Amino acid sequence: MTTLPGHSTAAHRAHGWCSHCPGRTVEEEVIAWRSEENDRHRLTTHHRVAPRPARGVAQRA
Ligand SMILES: [Zn+2]
């Protein structure tokens, strides 16, 4: 993926857009990052959807 000059590579990789894209604001990008972090935290905290089983202990459905 190529990122346009002046745009955020990380934001484009994570969200597909950044605050420099037309119609986007810095606030929107901040909210997008926060919600992504919240999702990541929720997943790792509650183990509802384990990205990969740790040492084979998460075998029960
Ligand atoms: Zn952009």
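These notes cover the structure that comes with them. These numbers come from a predicted model, not from an experiment.

1. Some points on the overall build of the protein chain
The helix and strand tally for the protein chain stands at two helices and zero strands. In the protein chain, buried positions account for 2% of the 61 residues.

2. A look at the environment of H7
Take H7: it is sitting in the segment before helix 1 (9-15). For the pair H7 and C21, spaced 14 residues apart in sequence, the C-alpha to C-alpha distance is 7.2 Å. Not counting residues within four places of it along the chain, the set of residues in contact with H7 comprises H12, C18, H20 and C21.

About the criteria used
Residues numbered from 1 in each chain as written. Predicted model: local features only at pLDDT ≥ 70, side-chain atom pairs only at ≥ 80, totals over all residues. Helix = DSSP H or I, 4+ residues; strand = E, 2+ residues; numbered from the N terminus. Buried ≥ 20, exposed ≤ 12 C-beta atoms within 10 Å, placed from the backbone. Contact = placed C-beta atoms within 7 Å.

Interpretation note: all reported values are geometric properties and have no functional meaning in isolation.
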